[in-house]
Amino acid sequence: MLRSCAARLRPLLVAHGRPGGARLTSTFSFEEVTQKDHALPKPSWSKDLRLLFDQFMKKCEDGSWERLPSYSRHSVQRFQNFTKAFFSGSIPVKEEQISQAKFFPRSFEDGLGFEYAMFWSKDEKRIVCLFQGGLYLQGIPGFLHGGALVTLIDTTLGMHAMLAGGAVMTANLSINFKRPMPLCSVGVINTQLDKIEGRKLFVSCNIQSVDEKTVYTEGTGLFIKLEPGKTLV
């Protein structure tokens, strides 16, 4: 089944930290916000997810890999910086609403939604996302909803595009569902940057089982690098 999501470009406001504390652009700053890092082990994590996490944390010790922190909210300052850079007219959301808003993949209670951690290898130029789909992500009985997998693909591919090109927005996603993925099971997303054409970044990935014997989903994405001063609306 092929699902193309190209109805319209949508901004990718990724609620993740950048390796080394770097900035997306000179105007889209990433000031530190005191809040919980959700990309760390929780009691709701399964043994398989915790084992994979520990293996990748071991790889981080020599600097070849780096864990990407992940938060549930954007700071008001970050919102102001983004709107100043990419909106010239009226702002679509009020600042007081931003303080209450949550990043969608991090809006569920622990164990019920998306549990994931991303690792970035600058040398290999790829991201590995380790994840576990919770009980509130069910599609057909006993299996993860396809839209939940698309959400993680968009989030992971978007992070890769952001690390490669700065602030980006999703232009197109093409998803090929190979096999249904059991609810609450652990999966691994591997990404790669296929090519860059001007402001266009083409990124692809697959979702595999922990033992790498099963491919559940394959996806490709086109992301557009944002340019400060060129308004989105």
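Summarised in this report is the structure supplied together with it.

About the thresholds
- Residues numbered from 1 in each chain as written.
- Predicted model: local features only at pLDDT ≥ 70, side-chain atom pairs only at ≥ 80, totals over all residues.
- Heavy atoms only, no water.
- Phe/Tyr/Trp six-rings, centres within 6.5 Å; stacked < 30°, edge-to-face > 60°.
- Buried < 20%, exposed > 50% of the residue type's maximum accessible area, 1.4 Å probe, protein only.
- Lys NZ or Arg CZ within 6 Å of the ring centre and 35° of its normal.
- Salt bridge = Lys/Arg side-chain N within 4 Å of Asp/Glu carboxyl O.
- Helix = DSSP H or I, 4+ residues; strand = E, 2+ residues; numbered from the N terminus.

### Examining the packing of aromatic side chains
- Under the counting rule described, the total for this entry stands at 7 aromatic pairs.
- With a centroid separation of 5.8 Å and 70° between ring planes, the pair formed by F108 and F114 is classed as edge-to-face.
- For F108, a relative accessible area of 26% puts it in the partly exposed group.
- The structure contains a cluster of three or more aromatic residues connected by ring pairs, namely W45, F53, F56, W65 and F119.
- Just above the ring of F56 sits the side chain of K59; from NZ or CZ to the centre is 4.3 Å.
- The ring of F202 has K195 sitting right over it, with the charged end atom 4.8 Å from the ring centre.

### Description of the pattern of salt bridges
- Tallied over the entire structure, the rule returns 9 salt bridges.
- One salt bridge connects R67 with D37, and the closest N-O pair in it is separated by 2.9 Å. In this pair, R67 is assigned in strand β3 (residues 66-68) and D37 in the loop between β2 (10-11) and α1 (47-59), connecting sequence segments 30 residues apart. The residues R67 and D37 share a single accessibility class, namely buried.
- Residue R199 pairs with E227 through a salt bridge whose shortest N-O separation is 3.8 Å. Of the two residues, R199 is situated in the loop between β7 (186-197) and β8 (200-209) and E227 in the segment after β9 (215-225); the sequence distance between them amounts to 28 residues.
- Connected through shared salt-bridge partners, K36, K42, D110 and E115 make up one network.

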